[in-house]
Amino acid sequence: MSTTAPGTTARAERRRERRAARLADGGGRRMPLWQLVLRYLLLLAVLALMIGPFLWQLSTSLKGPTEDIYSRTPQLIPADPTLGNYAKVADLIPVWDFALNSLKVAVTNVLTNCAGAALAGYALARLRFKGRRVALVAFVMAMLVPVESIIIAQFMTMRELQLNNTLIGVVLPGCIGAMNVLLMRNAFANLPYEVEEAAYVDGASAWQRFLYIALPSVKGTLAVVAIFAFMGAWDDFLWPLIVLSDQQKFTLTIGLDYLHGAFADNQRLVAAGTIIAVAPLIVLFACLQRYFFRGVGEGAVKG
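These numbers were taken from a predicted model, which means no experiment stands behind them.

S.K.: So what exactly am I meant to see when it comes to the overall build of the protein chain here?
M.R.: Helix and strand content of the protein chain: 14 helices and 0 strands. Listed N to C, the secondary structure of the protein chain is α-α-α-α-α-α-α-α-α-α-α-α-α-α in terms of helices and strands. Within the protein chain, buried positions represent 33% of all 303 residues. The long-range share in the protein chain, meaning contacts at least 24 apart out of those at least 6 apart in sequence, stands at 71%. By element, 65% of the accessible surface of the protein chain is carried by carbon and sulfur atoms, the whole surface being about 18900 Å².

The following block contains the structure:
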(Lines give C-alpha, C1' and ligand atoms only; values in the text may rest on other atoms or scores of the structure.)
Protein backbone atom coordinates (compact mmCIF):
# COMPACT_ATOMS: atom_id res chain seq x y z
CA MET A 1 0.00 0.00 0.00
CA SER A 2 1.55 3.33 -1.12
CA THR A 3 1.11 6.64 0.58
CA THR A 4 1.77 10.13 -0.71
CA ALA A 5 3.35 12.75 1.49
CA PRO A 6 1.20 15.84 2.08
CA GLY A 7 4.06 18.10 0.88
CA THR A 8 4.35 16.21 -2.40
CA THR A 9 0.61 16.49 -3.00
CA ALA A 10 0.69 20.23 -2.29
CA ARG A 11 3.58 20.78 -4.69
CA ALA A 12 1.84 18.80 -7.41
CA GLU A 13 -1.32 20.83 -6.88
CA ARG A 14 0.62 24.09 -7.15
CA ARG A 15 2.24 22.92 -10.38
CA ARG A 16 -1.17 22.10 -11.82
CA GLU A 17 -2.46 25.52 -10.80
CA ARG A 18 0.51 27.28 -12.43
CA ARG A 19 0.05 25.23 -15.60
CA ALA A 20 -3.65 26.10 -15.69
CA ALA A 21 -2.85 29.78 -15.12
CA ARG A 22 -0.47 29.78 -18.07
CA LEU A 23 -3.28 28.51 -20.29
CA ALA A 24 -5.78 31.12 -19.12
CA ASP A 25 -6.46 34.62 -20.38
CA GLY A 26 -6.52 37.79 -18.32
CA GLY A 27 -9.99 37.02 -17.01
CA GLY A 28 -9.00 33.59 -15.74
CA ARG A 29 -10.89 31.70 -18.47
CA ARG A 30 -9.28 28.56 -19.86
CA MET A 31 -8.36 28.71 -23.52
CA PRO A 32 -6.87 26.23 -26.04
CA LEU A 33 -3.12 26.22 -26.41
CA TRP A 34 -3.24 27.22 -30.08
CA GLN A 35 -5.24 30.35 -29.25
CA LEU A 36 -2.70 31.35 -26.62
CA VAL A 37 0.17 30.82 -29.06
CA LEU A 38 -1.67 32.83 -31.73
CA ARG A 39 -2.20 35.70 -29.32
CA TYR A 40 1.48 35.86 -28.44
CA LEU A 41 2.49 35.68 -32.10
CA LEU A 42 0.19 38.59 -32.91
CA LEU A 43 1.55 40.56 -29.95
CA LEU A 44 5.11 39.90 -31.10
CA ALA A 45 4.22 41.04 -34.62
CA VAL A 46 2.70 44.28 -33.30
CA LEU A 47 5.74 44.80 -31.06
CA ALA A 48 8.06 44.36 -34.04
CA LEU A 49 6.08 46.91 -36.07
CA MET A 50 6.06 49.41 -33.22
CA ILE A 51 9.59 49.13 -31.90
CA GLY A 52 11.36 47.90 -35.05
CA PRO A 53 11.88 51.34 -36.68
CA PHE A 54 13.21 52.77 -33.41
CA LEU A 55 15.68 49.91 -32.98
CA TRP A 56 16.83 50.33 -36.58
CA GLN A 57 17.39 54.07 -36.08
CA LEU A 58 19.29 53.38 -32.87
CA SER A 59 21.43 50.79 -34.62
CA THR A 60 22.13 53.13 -37.55
CA SER A 61 23.13 55.97 -35.21
CA LEU A 62 25.74 53.72 -33.57
CA LYS A 63 27.30 52.41 -36.80
CA GLY A 64 30.68 53.65 -37.90
CA PRO A 65 31.47 55.17 -41.32
CA THR A 66 32.90 51.90 -42.63
CA GLU A 67 29.75 49.85 -41.98
CA ASP A 68 27.25 49.41 -44.78
CA ILE A 69 23.76 50.41 -43.64
CA TYR A 70 22.22 49.43 -46.99
CA SER A 71 23.40 45.82 -47.01
CA ARG A 72 21.10 43.17 -48.44
CA THR A 73 21.12 41.38 -45.07
CA PRO A 74 20.32 44.01 -42.41
CA GLN A 75 22.65 44.02 -39.40
CA LEU A 76 20.81 45.27 -36.33
CA ILE A 77 23.84 45.01 -34.01
CA PRO A 78 26.69 47.33 -35.10
CA ALA A 79 30.01 45.58 -35.66
CA ASP A 80 31.96 48.58 -34.34
CA PRO A 81 29.57 50.74 -32.27
CA THR A 82 30.52 54.37 -31.84
CA LEU A 83 29.04 57.56 -30.38
CA GLY A 84 30.86 59.69 -32.92
CA ASN A 85 27.69 60.34 -34.92
CA TYR A 86 26.13 62.16 -31.97
CA ALA A 87 29.24 64.34 -31.62
CA LYS A 88 29.13 65.15 -35.34
CA VAL A 89 25.50 66.23 -35.08
CA ALA A 90 26.45 68.56 -32.22
CA ASP A 91 29.27 69.96 -34.38
CA LEU A 92 27.02 70.62 -37.37
CA ILE A 93 24.17 72.31 -35.52
CA PRO A 94 23.70 73.66 -31.95
CA VAL A 95 21.55 70.66 -31.14
CA TRP A 96 21.83 71.05 -27.37
CA ASP A 97 20.66 74.67 -27.54
CA PHE A 98 17.71 73.55 -29.64
CA ALA A 99 17.01 70.76 -27.15
CA LEU A 100 17.10 73.26 -24.27
CA ASN A 101 14.56 75.47 -26.04
CA SER A 102 12.33 72.46 -26.64
CA LEU A 103 12.69 71.46 -22.99
CA LYS A 104 11.65 74.92 -21.82
CA VAL A 105 8.59 74.84 -24.07
CA ALA A 106 7.64 71.27 -23.14
CA VAL A 107 8.05 71.71 -19.37
CA THR A 108 6.04 74.94 -19.42
CA ASN A 109 3.37 73.23 -21.48
CA VAL A 110 3.19 70.36 -18.99
CA LEU A 111 2.86 72.70 -16.00
CA THR A 112 0.20 74.88 -17.59
CA ASN A 113 -1.80 71.93 -18.90
CA CYS A 114 -1.68 70.01 -15.62
CA ALA A 115 -2.67 73.05 -13.56
CA GLY A 116 -5.21 74.52 -15.97
CA ALA A 117 -6.80 71.24 -17.03
CA ALA A 118 -7.08 70.06 -13.42
CA LEU A 119 -8.74 73.30 -12.30
CA ALA A 120 -11.11 73.45 -15.28
CA GLY A 121 -11.90 69.73 -15.06
CA TYR A 122 -12.72 69.94 -11.36
CA ALA A 123 -14.96 72.95 -11.92
CA LEU A 124 -16.86 71.19 -14.72
CA ALA A 125 -17.23 67.97 -12.74
CA ARG A 126 -17.92 69.17 -9.20
CA LEU A 127 -18.95 72.83 -9.05
CA ARG A 128 -22.41 74.01 -9.93
CA PHE A 129 -22.57 77.31 -11.81
CA LYS A 130 -24.52 78.90 -14.63
CA GLY A 131 -23.22 78.01 -18.06
CA ARG A 132 -21.48 74.82 -16.94
CA ARG A 133 -23.04 72.74 -19.71
CA VAL A 134 -22.32 75.44 -22.28
CA ALA A 135 -18.66 75.47 -21.19
CA LEU A 136 -18.51 71.69 -21.50
CA VAL A 137 -19.96 71.83 -25.01
CA ALA A 138 -17.46 74.57 -25.90
CA PHE A 139 -14.54 72.33 -24.92
CA VAL A 140 -15.98 69.48 -26.99
CA MET A 141 -16.48 71.76 -29.99
CA ALA A 142 -12.91 73.07 -29.64
CA MET A 143 -11.65 69.54 -30.26
CA LEU A 144 -13.50 69.43 -33.59
CA VAL A 145 -11.78 72.53 -35.00
CA PRO A 146 -8.68 71.68 -37.10
CA VAL A 147 -5.55 73.45 -35.95
CA GLU A 148 -4.70 74.43 -39.52
CA SER A 149 -7.91 76.45 -39.80
CA ILE A 150 -7.03 78.77 -36.91
CA ILE A 151 -3.24 78.88 -37.14
CA ILE A 152 -3.26 82.15 -39.12
CA ALA A 153 -5.49 83.77 -36.49
CA GLN A 154 -3.15 82.50 -33.79
CA PHE A 155 -0.16 84.00 -35.55
CA MET A 156 -1.92 87.36 -35.96
CA THR A 157 -2.80 87.31 -32.27
CA MET A 158 0.80 86.59 -31.27
CA ARG A 159 1.99 89.40 -33.53
CA GLU A 160 -0.48 91.86 -32.02
CA LEU A 161 0.71 90.84 -28.57
CA GLN A 162 4.31 91.19 -29.77
CA LEU A 163 4.98 87.60 -28.79
CA ASN A 164 6.02 86.32 -32.20
CA ASN A 165 9.58 85.02 -32.33
CA THR A 166 9.44 84.20 -28.60
CA LEU A 167 9.16 80.92 -26.75
CA ILE A 168 6.15 82.35 -24.90
CA GLY A 169 4.42 82.67 -28.25
CA VAL A 170 5.17 79.01 -28.90
CA VAL A 171 3.70 77.92 -25.55
CA LEU A 172 0.65 80.16 -25.27
CA PRO A 173 -1.75 78.62 -27.85
CA GLY A 174 -1.35 75.12 -26.39
CA CYS A 175 -0.99 75.96 -22.70
CA ILE A 176 -4.37 74.32 -21.92
CA GLY A 177 -5.71 71.65 -24.26
CA ALA A 178 -9.42 70.92 -24.61
CA MET A 179 -8.75 67.16 -24.60
CA ASN A 180 -6.81 67.43 -21.34
CA VAL A 181 -9.64 69.37 -19.71
CA LEU A 182 -12.15 66.68 -20.70
CA LEU A 183 -9.83 63.93 -19.43
CA MET A 184 -9.55 65.61 -16.04
CA ARG A 185 -13.27 66.33 -15.98
CA ASN A 186 -14.09 62.65 -16.51
CA ALA A 187 -11.55 61.61 -13.88
CA PHE A 188 -13.05 63.91 -11.25
CA ALA A 189 -16.59 62.91 -12.25
CA ASN A 190 -15.76 59.23 -11.57
CA LEU A 191 -14.70 59.91 -7.99
CA PRO A 192 -17.29 59.09 -5.30
CA TYR A 193 -19.09 62.08 -3.83
CA GLU A 194 -19.09 60.65 -0.31
CA VAL A 195 -15.50 61.58 0.47
CA GLU A 196 -15.92 65.19 -0.57
CA GLU A 197 -19.24 65.42 1.24
CA ALA A 198 -17.55 64.29 4.44
CA ALA A 199 -14.85 66.93 3.95
CA TYR A 200 -17.52 69.55 3.25
CA VAL A 201 -19.29 68.67 6.49
CA ASP A 202 -15.97 69.07 8.30
CA GLY A 203 -15.68 72.59 6.93
CA ALA A 204 -13.28 72.08 4.03
CA SER A 205 -13.44 74.74 1.34
CA ALA A 206 -13.58 74.02 -2.39
CA TRP A 207 -9.84 74.65 -2.69
CA GLN A 208 -9.08 72.27 0.17
CA ARG A 209 -11.30 69.58 -1.30
CA PHE A 210 -9.60 70.02 -4.65
CA LEU A 211 -6.02 70.03 -3.37
CA TYR A 212 -6.16 67.43 -0.60
CA ILE A 213 -8.90 65.01 -1.70
CA ALA A 214 -9.72 65.15 -5.41
CA LEU A 215 -6.32 65.89 -6.95
CA PRO A 216 -4.35 63.11 -5.19
CA SER A 217 -6.99 60.63 -6.35
CA VAL A 218 -6.45 61.28 -10.07
CA LYS A 219 -2.67 60.97 -10.33
CA GLY A 220 -3.06 58.48 -13.16
CA THR A 221 -5.02 60.88 -15.35
CA LEU A 222 -2.69 63.72 -14.40
CA ALA A 223 0.23 61.60 -15.61
CA VAL A 224 -1.61 60.99 -18.89
CA VAL A 225 -2.12 64.74 -19.30
CA ALA A 226 1.56 65.39 -18.51
CA ILE A 227 2.77 62.84 -21.06
CA PHE A 228 0.41 64.05 -23.79
CA ALA A 229 1.31 67.70 -23.12
CA PHE A 230 5.05 67.00 -23.18
CA MET A 231 4.83 64.91 -26.35
CA GLY A 232 2.66 67.49 -28.11
CA ALA A 233 5.03 70.35 -27.29
CA TRP A 234 8.24 68.42 -27.90
CA ASP A 235 7.14 67.00 -31.27
CA ASP A 236 5.38 70.12 -32.55
CA PHE A 237 6.85 71.36 -35.79
CA LEU A 238 4.33 73.51 -37.68
CA TRP A 239 3.53 76.15 -35.05
CA PRO A 240 7.15 76.83 -33.92
CA LEU A 241 8.15 76.99 -37.60
CA ILE A 242 5.56 79.74 -38.18
CA VAL A 243 6.07 81.82 -35.04
CA LEU A 244 9.87 81.60 -34.71
CA SER A 245 12.36 83.30 -37.04
CA ASP A 246 15.47 83.61 -34.87
CA GLN A 247 17.68 80.53 -35.13
CA GLN A 248 18.81 80.89 -31.52
CA LYS A 249 15.22 80.29 -30.38
CA PHE A 250 14.51 77.30 -32.61
CA THR A 251 13.16 74.17 -30.98
CA LEU A 252 14.75 70.81 -31.67
CA THR A 253 12.31 69.70 -34.36
CA ILE A 254 12.88 72.89 -36.36
CA GLY A 255 16.61 72.87 -35.76
CA LEU A 256 17.07 69.34 -37.05
CA ASP A 257 15.01 70.06 -40.15
CA TYR A 258 16.42 73.55 -40.68
CA LEU A 259 19.94 72.19 -41.23
CA HIS A 260 18.80 68.85 -42.58
CA GLY A 261 20.49 69.48 -45.89
CA ALA A 262 23.89 69.67 -44.21
CA PHE A 263 23.86 65.93 -43.48
CA ALA A 264 20.99 64.59 -45.57
CA ASP A 265 23.34 62.21 -47.40
CA ASN A 266 24.58 60.69 -44.11
CA GLN A 267 21.78 58.60 -42.63
CA ARG A 268 23.90 57.86 -39.55
CA LEU A 269 23.72 61.50 -38.51
CA VAL A 270 20.03 61.70 -39.33
CA ALA A 271 19.42 58.67 -37.12
CA ALA A 272 21.52 60.19 -34.33
CA GLY A 273 19.45 63.38 -34.45
CA THR A 274 16.26 61.31 -34.33
CA ILE A 275 17.43 59.43 -31.24
CA ILE A 276 18.35 62.71 -29.52
CA ALA A 277 14.82 63.97 -30.18
CA VAL A 278 13.12 60.76 -28.99
CA ALA A 279 15.21 60.08 -25.85
CA PRO A 280 13.45 62.62 -23.55
CA LEU A 281 10.05 61.13 -24.39
CA ILE A 282 11.27 57.67 -23.40
CA VAL A 283 12.70 58.99 -20.13
CA LEU A 284 9.45 60.82 -19.30
CA PHE A 285 7.30 57.77 -19.98
CA ALA A 286 9.64 55.55 -17.94
CA CYS A 287 9.29 57.91 -14.98
CA LEU A 288 5.49 58.21 -15.18
CA GLN A 289 4.45 54.78 -16.47
CA ARG A 290 3.24 53.46 -13.10
CA TYR A 291 0.88 56.43 -12.83
CA PHE A 292 0.02 56.31 -16.53
CA PHE A 293 -1.29 52.74 -16.43
CA ARG A 294 -3.17 53.40 -13.22
CA GLY A 295 -5.42 55.66 -15.28
CA VAL A 296 -8.64 57.22 -14.16
CA GLY A 297 -9.76 54.18 -12.18
CA GLU A 298 -8.02 55.22 -8.98
CA GLY A 299 -10.39 55.20 -6.08
CA ALA A 300 -10.56 57.76 -3.36
CA VAL A 301 -11.85 55.28 -0.78
CA LYS A 302 -9.29 52.94 0.72
CA GLY A 303 -9.48 50.35 3.41
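S.K.: I would appreciate a short explanation of unusual backbone geometry in the present structure.
M.R.: The general pattern is negative phi for most residues beyond glycine and trans for most peptide bonds. The residue Gln-162 is not glycine, and still its phi comes out positive at about 60°. By the element assignment, Gln-162 lies in the loop between α6 (147-160) and α7 (167-171).

S.K.: Would you mind going over helix α14 (residues 267-292) with me for this structure?
M.R.: Within an α-helix, residues lying three or four positions from one another point in the same direction, as the helix has 3.6 residues per turn. In α14, a bend of some 40° at Ala-286 exceeds every other bend along the element. By the burial criterion, the buried members of α14 are Arg-268, Leu-269, Val-270, Ala-271, Ala-272, Gly-273, Ile-275, Ile-276, Ala-277, Leu-281, Leu-284 and Leu-288.

S.K.: Is there a simple way to think about the packing of aromatic side chains in this case?
M.R.: Remark: the centre distance and the inter-plane angle together describe each pair of aromatic rings, the angle taken between the planes. Counted by the stated rule, this structure contains 6 aromatic pairs. Here the aromatic rings of Phe-188 and Phe-210 are separated by 6.1 Å at their centres, their planes lie at 50°, and the arrangement is tilted. Taken together, the residues Phe-188 in helix α8 (residues 178-189) and Phe-210 in helix α10 (residues 206-214) connect sequence positions 22 residues apart. Owing to a relative accessible area of 1%, Phe-188 belongs among the buried residues under this scheme. Judged by its relative accessible area of 6%, Phe-210 falls in the buried class.

S.K.: Which parts of the structure should I look at to understand the packing of helix α9 (residues 193-201) against α10?
M.R.: In a packed pair of helices, the relevant descriptors are the angle between the two axes and the axis-to-axis distance. Closest axis-to-axis distance for the α9/α10 pair is 10 Å, and the angle between their directions is 135°. On the basis of their axis angle, the class for α9 and α10 is oblique. Considering only the axes of α9 and α10, their crossing is right-handed. Between α9 and α10, the contacting residues are Val-195, Glu-196, Ala-199 and Tyr-200 on the first element and Arg-209, Ile-213 and Ala-214 on the second. Residue composition of the contact of α9 with α10, grouped by class: 5 nonpolar, no polar and 2 charged.

S.K.: I would appreciate a short explanation of the environment of Trp-56 in the present structure.
M.R.: As for its placement among the helices and strands, Trp-56 is situated in helix α2 (residues 33-61). When its relative accessible area of 29% is taken as the criterion, Trp-56 is described as partly exposed. Separated by 13 residues in sequence, Trp-56 and Ile-69 have C-alpha atoms that sit 9.9 Å apart. If near-sequence neighbours (up to four positions away) are discounted, Trp-56 is found in contact with Lys-63, Ile-69, Pro-74, Gln-75 and Leu-76.

S.K.: Teacher, can you tell me more about the side chain of Ser-102 here?
M.R.: Within the secondary structure layout, Ser-102 lies in helix α4 (residues 95-126). Contacts of Ser-102, omitting those with residues within four sequence positions, involve Trp-234, Thr-251, Leu-252 and Thr-253.

S.K.: So what exactly am I meant to see when it comes to the nonpolar core here?
M.R.: Nonpolar side chains in soluble globular proteins generally cluster together in the buried interior. Judged by nonpolar contacts, the single largest core of 52 residues is most densely connected at Val-89, Val-95, Met-184, Phe-188, Phe-230, Trp-234 and Leu-252. No other element matches the 12 residues that α4 contributes to this core. The residues contacting Val-95, other than those within four sequence positions of it, are Val-89, Ala-90, Leu-252, Leu-256 and Ile-276.

Rules used in this analysis
Residues numbered from 1 in each chain as written. Predicted model: local features only at pLDDT ≥ 70, side-chain atom pairs only at ≥ 80, totals over all residues. Heavy atoms only, no water. Helix = DSSP H or I, 4+ residues; strand = E, 2+ residues; numbered from the N terminus. Buried < 20%, exposed > 50% of the residue type's maximum accessible area, 1.4 Å probe, protein only. Contact = heavy atoms within 4.5 Å. Areas by Shrake-Rupley, 256 points an atom, 1.4 Å probe, with all protein chains shown as cover. Bend = angle between axes of the 7 residues up to and from the residue. Phe/Tyr/Trp six-rings, centres within 6.5 Å; stacked < 30°, edge-to-face > 60°. Axes fitted to C-alpha atoms, helices over the stretch in contact; angles between N-to-C directions. Parallel < 35°, antiparallel > 145°, perpendicular 65-115°, else oblique. Left-handed = near helix turned anticlockwise from the far one by under 90°. Nonpolar A, V, L, I, M, F, W, Y, C, P; charged D, E, K, R; others polar. Core = buried A, V, L, I, M, F, W, Y, C linked by side-chain atoms within 4.5 Å.

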